Amino acid sequence: MVHVYNCHPFASQQIVQVEQEPGLVCCGGTTLFVVTTGGCKVEAYNLEKEGCPLICRFATMGTVRRIQHSTIGDYLVTIEEKNSATYLRVYTNWRYQAEEKARVGVRLLGHLLRGASAWGGVQMEIIEIPLSEHPVALASCPVKGDLLVGCEKTLVLFALKRHTQQNLKENQQNLQSSWSNTEQSCSQNRGQNSAANQDLSVLDFERSVILHFSKIFPKQVALCGGYVAIQGDLEVLVLKLRATTETTATEEPSDSFKSGTMCSADHQEDQVDFLLIPKHQELLGDRAKECDIPINIEQTGMEESRHYTLSYVLFRRFTPEFFQGCSVEEMLLHSLQIYPMFTCNQSVSVDEPACMFCFFSLPTAGYLYSLRGGVELLSAYQYPEKVLQAVLTDHLLHVITKNALQSFTVRCSAVAARVEDPYIDTTMKACPPCSLEVCALRMQLFIGLQSVCAYGCHVILLSTADTETPEETERHTQRRGLELKEHNMLTAIFLAVGIDPATTPALESLLSRPFLSRRWAISSPKETSTVGHGWNLYVVNTVPPLTLYQEMVEYSQRYAENNPQGLGLRHLLSEAHLLLRSALLESSERQQSGKCDRNMAAPTHREELEEAFRQNCAQLGDSFSRGSQKDCHLALPYYRMSGLSVTEVISRNRPLQGSPHSYGPGFLFYLKHYLLEEMDQNLSQEDADDVIRILSKSEPSILVSVCASPCMVNLDPAATLQTLRRLEDTMGVSVPLTISMAAMALRLGAVAQYTELMERHAEMLLVYGFIEEPRLLLHGGGGAKHNQVCPTALARQLADSQPGLLVAAMVALYENSKVQLEQADQVFKELGYENTLQVDFWEAMLMASSQDPVIQELLFRLASVYIDRLTANESLTKHKSLKSADDLINSCSHYGALYPWLSVLDPAQTFSYHHREALHKLQSLLCGPSLSVGTVAPLLESLSEETLWAFSLHLLCDTRRGHYNSSIEQLLDRCPQAIIAYANHQLQDKHMSLWWKKLLPELCERTRAAADNSILLGALKETLVVVAMETSPAEFLELIPDDGTASYFLPHLLTCSQRHLLT
């Protein structure tokens, strides 16, 4: 379906003052090229200046049958005829013909002219390109400037080369390498006057690859960015050529190619007397290789390392619909075009186009395909009358009939938007679908239109009066006589078998069609009549996209007045949206390439486009907010792109006084998702109360989440509490609802009511309630690591009255990925409990977490805090922790039981409670299995070993590191009464030998020096008892010192001998 809108896309028109009747017309850059009648003279006109003044004119070497201009390299290529021969020629530096009788150089492909003139660029050059077949079609690449020539059975690709004086000298030194391998982009010359030519370079072409094919006769070809398209009478084939450095074997014609060629030759005679109607086909992507048109590649480039590979992209074949009232000639394809589009984040001169489109047309319908990222049909254009020619631009598709110029909208910008922005089609951003039905704009009437071409905002039309020569009149008379003869003959045949065609309308319609004796071929183009008159060449300027958008907006007001929820209004706004997107893409491309025309000259133009884009998004948001349930979700992304605040959106959707319409589903969807996400904007009390009132009727189940939203801080707590109570009466009691009611009571200052509500449920159930709705405790976050969070008033109250519940809730939120560790720390800092409840949270996290990196981080933090508490002023450590050291030892595996010998070093009576708790927790971590001593040892260096509690920490570290020898010495020096307890606990298993290898010698030596030291003597006796039990008599005997004290050891030697005899 094609929508029709009465919007005028054309701003003005002017007539080009051409002296002779135009034969062929083409445009490129800012220049219009006209081949005058007779085909031997080309005139160039400036489209950018008023009146389109003549730039230059020059004669061609033959009669021009086809002409094409390339903006890359600024060259013209023609197919010419002379003396019954066909030639392919390229005209470069044609702008120098502005000087009368300027010199012209003629050369063959690959043969550069000698002398200073070649480098000074002071003359036009004509490059003759020899071909083995007659050329029938031309195309140039708008991205690279390469040339594609279509012949009867081949396509020849010529790569554009730019030769400088330096690389020419290098090439002349090596005759075997004629041309440079360097292929440089010429995009800086696009649309500029090449008379400057300061780089002193010469254009040339290299024959890169030849494609051989059969079963299709190319009427038109197209080339862009490696995509090659061939158009026959009723079929279109699109291929993708890729250059690769991988060596491939020389390709011979395939069996299918050979058989296809032979088959076409064998049946050529059969097709003379019969009309063969091809089967309709549409093959997309990889399926296109299933078509019956084989293609073979012949590598011809000078670069041996570069090879081309080919893949099929698209194949479309049409079956003529004779019952539509069209003859054979009226069903032929035309207007083949491959169109590139760049996105805003691309460099036009460097990157390949992000989007590629292929357009072709029948007289009754046009087809636009997207080629990149999966081949798909974007739009099918149904024309109201027979179309002679069509041309695709960024914004519109322009088509001509015999007497009118009409424009249709295109979907290229919808594809480009999705390629450019991955957030399209999400809750963040939206864009009308690529499959949106197209629309036709107001047509402009002309007389006798013949051809159309376009560049930028210019549409060029050639019109000729409808005249008929005597020869044509006679030919038409003969054809009508033949048709009557055929009709009478077939009617007689049907009557002979008893069938009267007059009684069957379908059969009568069939017999009236003049196709039974027609051959399946198109007649050759008519020569321009010498008796023709009444021709004109028009340049029609399209309106700027912003102006057309404003007209569409004004036009949409009629739909809004009649049916504000109708699909027609939404469709028109979507068309305006795509028009603005296309204009923004074009604006970015022009800024990057440094081009600017009179419609896009001011830097503020893009700002105006962006402002219009935001307005359009707001209008689309309004449309979807009131629309059906099917598309209501699109209100959210469009309102977001509009930049409107929630207050503005609410005011736009507020029903009128006495209106039967209520809030639409799209608005409710937007409101719900907006309030359920983290937003910085706060609603006023009036708007917040309106939200509560709206959602209490439409979405009561989300009221708890809405009340917890940070943007609802200004709501009326009393009214909201009453609403929540009514909700509880209808939906029953729930923990999140109870907490929300308690929060409202707290905001009212009703502490007793708050306490009563919070005591309804057990603490663990309250924790589950906070998991279900985290924003009751904190705002922000959302699980993202770097998002800022802040505690709510309820969290502050819990910190003062129920700190255990707050800590448990924060641990649960972390475990359920509702908050990150850094965010939880930030919450406790803002609450003012940085070194108190925050530490309790870390201790609780240590019990709950199972992630090793998190555990190590928490262990290090806790060790640092405990050390700070041991060294800090007493007044800073008066907070009583939620968990004591004994509680942590009993409930957390990371806290180990205190070693027995630590109690000897711990004179509890000299410690305060807070000091002792910090010491025991740190000692317990060092006794546990998880804390890495290497990470905490640098922190302990700040503790002096003067006190026994500090000495015990250092001793624990040395022991954990396995420094038993030094630990024994230090312990004997500082606290010998703990040595036996230390040895009994630490010197076991593989360290048992240290009893007699280290401890016994140390005690003997120290006892000898202090014989009256009862502590050392007692430790010596205990040590000898252990040694006697663990060694043999011989080993024990060797341990006895030879200083005359052997009698002291004899009882223990006797005990050792008796034990040995018993075992």
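What you see is a predicted model; the values in this text were computed from it and never measured.

Rules of the game
Residues numbered from 1 in each chain as written. Predicted model: local features only at pLDDT ≥ 70, side-chain atom pairs only at ≥ 80, totals over all residues. Heavy atoms only, no water. Helix = DSSP H or I, 4+ residues; strand = E, 2+ residues; numbered from the N terminus. Buried < 20%, exposed > 50% of the residue type's maximum accessible area, 1.4 Å probe, protein only. Areas by Shrake-Rupley, 256 points an atom, 1.4 Å probe, with all protein chains shown as cover. Axes fitted to C-alpha atoms, helices over the stretch in contact; angles between N-to-C directions. Parallel < 35°, antiparallel > 145°, perpendicular 65-115°, else oblique. Left-handed = near helix turned anticlockwise from the far one by under 90°. Contact = heavy atoms within 4.5 Å. pLDDT = per-residue confidence, 0-100. 1 Å grid on protein atoms, 1.4 Å probe; cavity = no way out; pocket = protein on both sides within 12 Å on 5 of 7 lines; lining within 4 Å. Points joined across faces, edges and corners; volume = space filled by probe spheres on them. Pairing = 2+ DSSP bridges. Salt bridge = Lys/Arg side-chain N within 4 Å of Asp/Glu carboxyl O. Arc of directions from axis to C-beta. Expected span 1.5 Å × (residues − 1). Core = buried A, V, L, I, M, F, W, Y, C linked by side-chain atoms within 4.5 Å. Phe/Tyr/Trp six-rings, centres within 6.5 Å; stacked < 30°, edge-to-face > 60°. Patch = residues over 30% accessible without salt bridge, like charges linked within 9 Å, V, L, I, M, F, W, Y side chains within 5 Å.

Comments concerning the overall build of the protein
Moving on, step 1. Each helix and strand counted, the protein has 34 helices and 35 strands in total.
Moving on, step 2. Within the span of the protein, comprising 1063 residues, buried residues form 51% of the whole.
Moving on, step 3. Carbon and sulfur atoms make up 51% of the accessible area of the protein, which totals about 49,100 Å².

Side note on the packing of helix H23 (residues 852-871) against helix H27 (residues 933-940)
Moving on, step 1. For the pair H23 and H27, the least separation of the axes is 10 Å and the interaxial angle reads 20 degrees. Considering the angle they form, H23 stands roughly parallel to H27. In this structure, H23 meets H27 at a crossing whose hand is right-handed. Contact residues: H23 offers Phe860, Ala863, Ser864 and Ile867, while H27 offers Thr935, Val936, Leu939 and Leu940.

So, the environment of leucine 462
Moving on, step 1. Here leucine 462 shows up in strand E32 (residues 458-463).
Moving on, step 2. Leucine 462 sits in the buried class, given a relative accessible area of 5%.
Moving on, step 3. Taking the C-alpha atoms as reference points, leucine 462 and glycine 23, 439 residues apart in sequence, are found 9.0 Å from one another.
Moving on, step 4. In this view, leucine 462 contacts Pro22, Gly23, Val25, Gly448, Leu449, Gln450, Ser451, Asn536 and Leu537; residues no more than four positions away in its chain are not counted.

Overview of the confidence of the model for the protein
Moving on, step 1. Per-residue confidence for the protein gives a mean pLDDT of 82, with 80% of residues at or over 70.
Moving on, step 2. Note that residues 515-532 has pLDDT below 50 and, in this model, 30 contacts with residues that lie over four places away or in other chains.
Moving on, step 3. Long-range and interchain partners of residues 597-602, a stretch whose pLDDT sits below 50, account for 16 contacts in this model, where long-range means more than four residues apart.

Quick word on empty space enclosed by the protein
Moving on, step 1. Counted by the stated rule, this structure contains 4 cavities of 30 Å³ or more.
Moving on, step 2. In this structure, the second largest cavity encloses a volume near 60 Å³.
Moving on, step 3. Looking at the second largest cavity, it is lined by 13 residues, and the ones nearest its centre are His395, Val410, Glu575, Leu578 and Leu579.
Moving on, step 4. At 4 residues, helix H8 (residues 567-593) tops the list of elements feeding residues into the lining of the second largest cavity.

Regarding the sheet that holds strand E23 (residues 355-361)
Moving on, step 1. Taken in spatial order, the 4 strands line up as E22-E23-E24-E25 in an open sheet, and their pairing is antiparallel. A strand with exactly one partner marks an edge of an open sheet, and here the two such strands are strand E22 (334-341) and strand E25 (376-382). Averaged over all pairs of adjacent strands, the angle between their axes in this sheet comes to 15 degrees, without regard to strand direction.
Moving on, step 2. Judged from the 5 bridges that link them, E23 and strand E24 (residues 365-370) form a sheet pairing that is antiparallel.

Topic: the pattern of salt bridges
Moving on, step 1. The tally for this structure, following the rule as stated, stands at 32 salt bridges.
Moving on, step 2. In this structure, arginine 614 and glutamate 611 form a salt bridge, with 2.9 Å as the shortest nitrogen-oxygen distance. One end of the pair is arginine 614 and the other is glutamate 611, both in helix H9 (residues 604-625) and 3 residues apart, which spans about a single turn.
Moving on, step 3. The partly exposed category is assigned to arginine 614, whose relative accessible area is 33%.
Moving on, step 4. Taking the shortest distance from any N to any O, the salt bridge between aspartate 690 and arginine 693 comes out at 3.2 Å.

Remarks on helix H17 (residues 751-758)
Moving on, step 1. Residues of H17 that are buried: Tyr754, Leu757 and Met758. Taken down its axis, H17 places every buried residue within 95 degrees of arc, on the same side.
Moving on, step 2. Considering only its buried residues, H17 is in contact with helix H16 (735-748), helix H18 (763-772), helix H19 (793-801) and helix H20 (803-815).

Quick look at helix H12 (residues 665-676)
Moving on, step 1. If you check H12, its first and last C-alpha atoms are 16 Å apart, about what 12 residues at 1.5 Å a residue would give, namely 16 Å.
Moving on, step 2. Where H12 is concerned, the buried positions are Gly666, Phe667, Leu668, Phe669, Tyr670, Leu671, Tyr674 and Leu675.
Moving on, step 3. Tucked into the core, H12 has its buried residues touching H9, helix H10 (635-642), helix H11 (646-653), helix H13 (685-698) and helix H14 (703-707).

Focus on the nonpolar core
Moving on, step 1. Judged by nonpolar contacts, the single largest core of 172 residues is most densely connected at Leu675, Met712, Leu806 and Phe841.
Moving on, step 2. Take this core: its biggest share by element is 10 residues, from H23.
Moving on, step 3. Among all residues touching phenylalanine 841, those that are not within four sequence positions of it are Val807, Met810, Val811, Leu821, Ala824, Asp825 and Phe828.
Moving on, step 4. Listed in part, the 50 residues of the second largest apolar core include Ala139, Val238, Ala288 and Leu371.

Observations concerning the sheet that holds strand E31 (residues 449-455)
Moving on, step 1. Here we have 4 strands laid out as an open sheet, ordered E2-E33-E32-E31, and antiparallel in their pairing. Pairing within the sheet leaves two strands with one partner each, and these edge strands are strand E2 (10-15) and E31. Adjacent strand axes in the sheet meet at a mean angle of 20 degrees, parallel and antiparallel pairs treated alike.
Moving on, step 2. The sheet contact formed by E2 and strand E33 (residues 536-542) spans 5 bridges and is antiparallel. Bridge pairing in E33 places glutamine 14 opposite valine 539.

A short note on the packing of H23 against helix H26 (residues 913-927)
A pair of packed helices is characterised by two quantities: the angle between their axes and the separation of those axes.
Moving on, step 1. Running from N to C, H23 and H26 cross one another at 145 degrees; their axes reach a closest spacing of 9 Å. By crossing handedness, the relation of H23 to H26 is classed as left-handed. Contact with H23, carried on its side by Leu859, Leu862, Ala863, Tyr866, Ile867, Arg869 and Leu870, involves His915, Ala918, Leu919, Lys921, Leu922 and Leu925 of H26 and no other residues of that element.

Points about the packing of aromatic side chains
Think of a pair of aromatic rings as described by two things: how far the centres are apart, and how the planes are tilted against each other in angle.
Moving on, step 1. Summed over the entire model, instances satisfying the criterion amount to 20 aromatic pairs.
Moving on, step 2. Between phenylalanine 359 and tyrosine 381, the ring centres sit 6.4 Å apart and the planes meet at 75 degrees, which makes this aromatic pair edge-to-face. Taken together, the residues span a long stretch of sequence, with phenylalanine 359 in strand E23 and tyrosine 381 in strand E25 at a distance of 22 residues. Like tyrosine 381, phenylalanine 359 is buried.
Moving on, step 3. On the numbers, 5.7 Å between centres and 75 degrees between planes, the contact of tyrosine 381 with phenylalanine 408 is edge-to-face. With tyrosine 381 in strand E25 and phenylalanine 408 in strand E28 (residues 404-409), this residue pair connects regions lying 27 residues apart in the sequence.
Moving on, step 4. Ring pairs connect the aromatic residues Phe318, Phe360, Tyr367 and Tyr369, which therefore count as one cluster.

Some remarks on the side chain of glutamine 838
Moving on, step 1. Position of glutamine 838 relative to the elements: it lies in helix H22 (residues 837-848).
Moving on, step 2. Ignoring any residue separated from it by four or fewer positions in sequence, one finds glutamine 838 in contact with Asp825, Phe828, Lys829 and Tyr833.

Quick notes on a nonpolar patch on the surface
Moving on, step 1. Judged by side-chain polarity, Met764, Leu765 and Tyr768 come together as a nonpolar surface patch covering roughly 320 Å² of accessible area.
Moving on, step 2. Structurally, leucine 765 is set in helix H18.
Moving on, step 3. The partly exposed category is assigned to leucine 765, whose relative accessible area is 41%.

Re the pairing of strand E3 (residues 22-28)
Moving on, step 1. Along E3, 5 of the 7 residues are buried, which leaves the element largely enclosed by surrounding structure.
Moving on, step 2. Judged from the 6 bridges that link them, E3 and strand E4 (residues 31-36) form a sheet pairing that is antiparallel. Looking at E4, one finds that cysteine 27 is bridged to leucine 32.
Moving on, step 3. Hairpin geometry of E3 and E4 is characterised by an intervening segment of 2 residues between the two adjacent antiparallel strands and by a positive phi of about 65 degrees at glycine 29.

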